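# Structural features, examined
Chain residues, written in single-letter form:
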Amino acid sequence: LVFVVNADVIKDFSDLAKPEIIVSVNSKADATYVLLVGPLLKRGVDLKKVTIVEIGGSGGRMRALLSKRVHAVPVHFDQAAEITKQGNFKVLLDPGKEYRIWPHEVWVVNGAWLKKPENQRAAIDFMKAMMTAHRRANTDFPWYASMYRKYSTLPKAAEATDEQIRPFWQTLSQEIKAWPSDNNFNLETFQELMPTFKAAEAIKGTVKLEQVIDTSYVQQALKELGG
């Protein structure tokens, strides 16, 4: 996800605090909002002055921006490319340029479920499968393209040509680096992001991260994959 803005009225982050500017996110305190909070804090923008409205779904936010009902929205990078063709819109926030690492989503399981040995094995195998898919997606474009046609839910994805798929693959794989070969999963990343999540009031920050984040299954999967 990236934040796209109406460049007629927004030149930099400080403009988001103007009373006439409306910023849309999926919901306040979720990842789309937290994503914005970090850069605002870095630049000294008062969060209380930013007018936030909630619009679920990037498609809905995209339409709201194009109709100028709102002035800044988080959308998928490919949607951003489409938006910028339709008027004076620009990408204001790219998480890859604002954060050292930005984990947008995580896998969550029930603690009691994870106590069973067979489920621990399943968790390790699942991580191995995920990293294997990441590695192949990064190195085998024909395979990625075939999987895209098979599983993508976008309209007419099954009919997409290699030429149509390759630019998005290039961006995801080489520029955004969306598919880390080792899952890039460690406590330090989350500790680094804690102040931003607390400032966004997404969490209170009273629970120790090591109580809710377990990196051992990823580490075991890496060991079994040979690093």
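Look above for the structure.
The following paragraphs examine the structure supplied in this document. Predicted, not measured: the structure shown is a model, and the values here were computed from it.

## Notes on the packing of helix H1 (residues 31-42) against helix H9 (residues 187-199)
In contact at an axis separation of 9 Å, H1 and H9 are set at 100° when each is read in the N-to-C sense. As far as their axial angle goes, H9 and H1 are roughly perpendicular. Residue-level contacts link Val 34, Val 37, Gly 38 and Leu 41 of H1 to Thr 196, Phe 197 and Ala 199 of H9. Residues that form the contact of H1 with H9 fall into these classes: five nonpolar, two polar and no charged.

## With respect to the pairing of strand S4 (residues 72-75)
Within a regular beta strand, the side chains point alternately toward one face of the sheet and then the other, so they alternate between its two faces. Residue alternation in S4 divides its side chains into two sets, Ala 72 and Pro 74 and Val 73 and Val 75, and both sets are buried. Judged from the four bridges that link them, strand S1 (residues 2-6) and S4 form a sheet pairing that is antiparallel. In the strand pairing of S4, Val 5 is matched with Ala 72.

## Remarks on helix H6 (residues 117-139)
With 23 residues, H6 should cover 33 Å at 1.5 Å per step; its first-to-last C-alpha distance of 33 Å lies within 8% of that length. Listed in full, the buried residues belonging to H6 are Asn 119, Ala 123, Ile 124, Met 127, Met 131, His 134 and Ala 137. Contacts from the buried residues of H6 go to helix H5 (111-114), helix H7 (141-151), helix H8 (162-176) and helix H11 (216-225).

## Topic: the nonpolar core
Counting residues in hydrophobic clusters, the biggest one holds 26 residues, and the most contacted among them are Leu 16, Val 23, Leu 36 and Leu 40. Listed by contribution, the elements that provide at least two residues to this core are S1, strand S2 (22-25), H1 and strand S5 (89-93). Excluding residues that lie within four positions of it along the chain, Val 23 makes contacts with Phe 3, Leu 16, Leu 36, Val 50, Thr 51, Ile 52, Val 53 and Ala 72. The next biggest cluster of nonpolar side chains, apart from the first, holds 12 residues, and it includes Val 2, Val 70, Ala 80 and Ile 83.

## What about H9?
For H9, built from 13 residues, the straight-helix expectation of 18 Å at 1.5 Å per residue is met to within 8% by its first-to-last C-alpha distance of 19 Å. Along H9, the helix axis deviates most sharply at Leu 193, where the bend reaches about 40°; the proline Pro 195 sits within four residues downstream. By the burial criterion, the buried members of H9 are Thr 189, Phe 190, Leu 193, Met 194 and Thr 196. Against H1 and helix H10 (209-212) lie the buried residues of H9. Capping the start of H9, Asn 186 holds a side-chain oxygen 3.3 Å from the backbone nitrogen of Glu 188, two or three residues further along. Two residues or fewer after H9 comes Glu 201, characterised by a positive phi angle close to 60°.

How each quantity is defined
Residues numbered from 1 in each chain as written. Predicted model: local features only at pLDDT ≥ 70, side-chain atom pairs only at ≥ 80, totals over all residues. Heavy atoms only, no water. Axes fitted to C-alpha atoms, helices over the stretch in contact; angles between N-to-C directions. Helix = DSSP H or I, 4+ residues; strand = E, 2+ residues; numbered from the N terminus. Parallel < 35°, antiparallel > 145°, perpendicular 65-115°, else oblique. Contact = heavy atoms within 4.5 Å. Nonpolar A, V, L, I, M, F, W, Y, C, P; charged D, E, K, R; others polar. Buried < 20%, exposed > 50% of the residue type's maximum accessible area, 1.4 Å probe, protein only. Pairing = 2+ DSSP bridges. Expected span 1.5 Å × (residues − 1). Core = buried A, V, L, I, M, F, W, Y, C linked by side-chain atoms within 4.5 Å. Bend = angle between axes of the 7 residues up to and from the residue. Polar contact = N/O pair within 3.5 Å; in protein donor to acceptor, adjacent residues only side chain to side chain.

Structural measurements only, silent on function.
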